Amino acid sequence: MNSHDLSPGSKLHLQTPTVLSPSISKLTGFSVYLKLENIQIPGSFKIRGIGNLCQKAKESGCKRIVCASGGNAGLAAAYAAKQLGLPATIVLPTSTPQFVADKLRENFSAEVLYHGSMWDESNKHALELSKDPDCVYIHPFDHPDIWEGHSTIIAESSVQLGFKPDLVVTCCGGGGLMNGLLQGMWKEGWNDVPLLVMETDGADSLNAAVKANKLVTLPGITSVAKCLGACTVSATSLEYCSKHKVISSVVDDKEAVSACLRFADDHRMLVEPACGATLAAVYSGVIEKLIKGGELGPIKSVLVVVCGGSGVSLNELQKWKEQFSL
């Protein structure tokens, strides 16, 4: 094994390509490379971290996976469990769309339970179920094994690019992806590469924490980017902001949805608004504004983590397009 050993969760996630985007590079005036996590089988980057956690849980004798998530984390947990030969119980709030439950059951053979009208209530029930010693609870983002799995995004990108980019761009919900990317950047010696972390207005718990210099709990999630919907960011994410140059930036829902539409036109791929927040950094001129404002130095190359997301379809994209008059 060499320094680029990709073993954490490697039996479960794909090594995704890192590709140059000619259209976005032309738009921005610098080289934009896309790390295509949207092509992971469960739909997003989540399988890296959650796969790593599930794999380690099985090695420790776990007999069942339990997760409370009707989004990408639940799909990743169900997929990982199926691949590892473990049963999975996914607890959903009653507000979860039927197609999500159908996908969990039909594609990944998960047991689906409904409990409570909000995620917090579903999560409490999942924690209760996890008191069974044979079960392991899978948090959507806040666990070191999850961050370790996500760090492989940078290990792969470093090999694929063959050079160090001037900037890495991602988004933040609860902070799991951000934490993993920073760990990966430190392992690869990218300590001097800034990380631009995008959120949408109404799902901006990291930005609120950075401004207050302490954890802030949002009163609720009002953004269409529901997968950025953690009311409180991971404490580790805020801590990492003092150890690395992290720039927190917020766009509105219209900019995030516009980025999804433009990305679909440019690259013929669908991503959800949480990922659109990341892409808005290049489509809405966020990076250029940061350079002009002196927060970033000269930029020649940018690595954009296209995190993906399963909560998108042609119909949903059309609804958002009409909602924001795009």
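Residues numbered from 1 in each chain as written. Predicted model: local features only at pLDDT ≥ 70, side-chain atom pairs only at ≥ 80, totals over all residues. Heavy atoms only, no water.

As recorded in an unreviewed UniProt entry, the protein goes by L-serine ammonia-lyase and comes from Mytilus edulis. Turning to the protein, the UniProt record has this under Catalytic activity (unreviewed entry): "L-serine = pyruvate + NH4(+)". (UniProt positions renumbered as here; feature names shortened; annotations may be inferred.)

Draft legend 1. Layout of the nonpolar core. Ranked by size, the top nonpolar core spans 64 residues in total, and within it Val169, Leu196, Leu279, Ile287, Val304 and Val306 carry the most contacts. When near neighbours in sequence (up to four residues on either side) are disregarded, Val304 contacts Val32, Tyr33, Leu34, Lys35, Val169, Thr278, Leu279 and Val282. (Core = buried A, V, L, I, M, F, W, Y, C linked by side-chain atoms within 4.5 Å. Buried < 20%, exposed > 50% of the residue type's maximum accessible area, 1.4 Å probe, protein only. Contact = heavy atoms within 4.5 Å.)

Draft legend 2. Summary view of the sheet that holds strand E2 (residues 31–36). Here we have six strands laid out as an open sheet, ordered E1-E2-E10-E7-E8-E9, and mixed in their pairing. Lying at the two open borders of the sheet, with one neighbouring strand each, are strand E1 (18–20) and strand E9 (246–251). Ignoring strand direction, the axes of neighbouring strands in this sheet form an average angle of 25°. Of the pairings in the sheet, the one linking strand E7 (residues 167–171) to strand E10 (residues 301–306) comprises three bridges and is parallel in character. Its bridge partner lying in E10, Leu167 is registered against Val302. The sheet contacts of helix H9 (residues 205–212) involve strand E8 (195–200) and E9, and relative to E9 the element is tilted by about 125°. (Pairing = 2+ DSSP bridges. Helix = DSSP H or I, 4+ residues; strand = E, 2+ residues; numbered from the N terminus. Axes fitted to C-alpha atoms, helices over the stretch in contact; angles between N-to-C directions.)

Draft legend 3. Examining the side chain of His13 more closely. Relative to the helices and strands, His13 resides in the segment before E1. What makes His13 buried here is its relative accessible area of 5%.

Draft legend 4. Structural context of the packing of helix H11 (residues 253–267) against helix H12 (residues 273–283). Look at H11 against H12: their axes get within 7 Å of each other, and the N-to-C directions meet at 80°. Put simply, H11 runs roughly perpendicular to H12. Every residue of H12 that contacts H11 at Glu255, Ala256, Val257, Ala259, Cys260, Arg262, Phe263 and Asp266 is listed here: Pro273, Gly276, Ala277, Leu279, Ala280 and Tyr283. Here the residues of the contact of H11 with H12 sort into 10 nonpolar, one polar and three charged. (Parallel < 35°, antiparallel > 145°, perpendicular 65-115°, else oblique. Nonpolar A, V, L, I, M, F, W, Y, C, P; charged D, E, K, R; others polar.)

Draft legend 5. Up close: the pairing of strand E3 (residues 64–68). A large share of E3 lies buried, amounting to four of its five residues. Bridge count between E3 and strand E6 (residues 135–138): four bridges; the pairing is parallel. Looking at the pairing, Ile65 lines up with Val136 of E6. Bridge count between E3 and strand E4 (residues 88–92): four bridges; the pairing is parallel. Within E4, the position partnered with Cys67 by the bridge is Ile90.

Draft legend 6. Quick look at the confidence of the model for the protein. The predicted model of the protein has a mean per-residue pLDDT of 93, with 96% of residues at 70 or higher. Per-residue pLDDT stays below 50 along residues 1–9; that stretch engages in 17 contacts with residues further than four places along the chain or on separate chains. (pLDDT = per-residue confidence, 0-100.)

Draft legend 7. Quick look at the sheet that holds E4. Taken together, the four strands give an open sheet; going across it, the order is E5-E4-E3-E6, and neighbouring strands pair in parallel fashion. Single-partner strands in this sheet number two, and they are strand E5 (111–114) and E6. Put simply, the sheet's adjacent strands are angled 25° from each other on average, direction ignored. When E4 meets E5, the two strands line up parallel, connected through four bridges. From the neighbouring strand, Val91 faces E5, where its bridge partner is Leu113. Strands E3, E4, E5 and E6 of the sheet are contacted by helix H5 (residues 119–129), whose axis makes an angle of about 160° with E3.

Draft legend 8. Structural detail: a nonpolar patch on the surface. A surface patch of nonpolar side chains, about 240 Å² in accessible area, is lined by Leu14, Ile39 and Ile41. Positionally, Ile39 belongs in the loop between E2 and helix H2 (46–59). You can call Ile39 partly exposed: its relative accessible area is 38%. (Patch = residues over 30% accessible without salt bridge, like charges linked within 9 Å, V, L, I, M, F, W, Y side chains within 5 Å. Areas by Shrake-Rupley, 256 points an atom, 1.4 Å probe, with all protein chains shown as cover. Salt bridge = Lys/Arg side-chain N within 4 Å of Asp/Glu carboxyl O.)

Draft legend 9. Fine view of H9. Listed in full, the buried residues belonging to H9 are Ser205, Leu206, Asn207 and Ala209. Those residues of H9 that are buried are in contact with helix H8 (176–187), E8, helix H10 (235–240) and E9.

Draft legend 10. Seen up close, the pattern of salt bridges. Summed over the entire model, instances satisfying the criterion amount to 11 salt bridges. Notably, a salt bridge pairs Lys319 with Glu316, separated by 3.4 Å at the nearest N-O pair. Taken together, the positions of Lys319 and Glu316, both in helix H14 (residues 314–323) and three residues apart, correspond to about one turn of that helix. In this structure Glu316 comes out as partly exposed when scored by relative accessible area, which is 28%. Taken together, the salt bridges that share partners define one network made up of Lys35, Glu37, Arg48 and Glu156.

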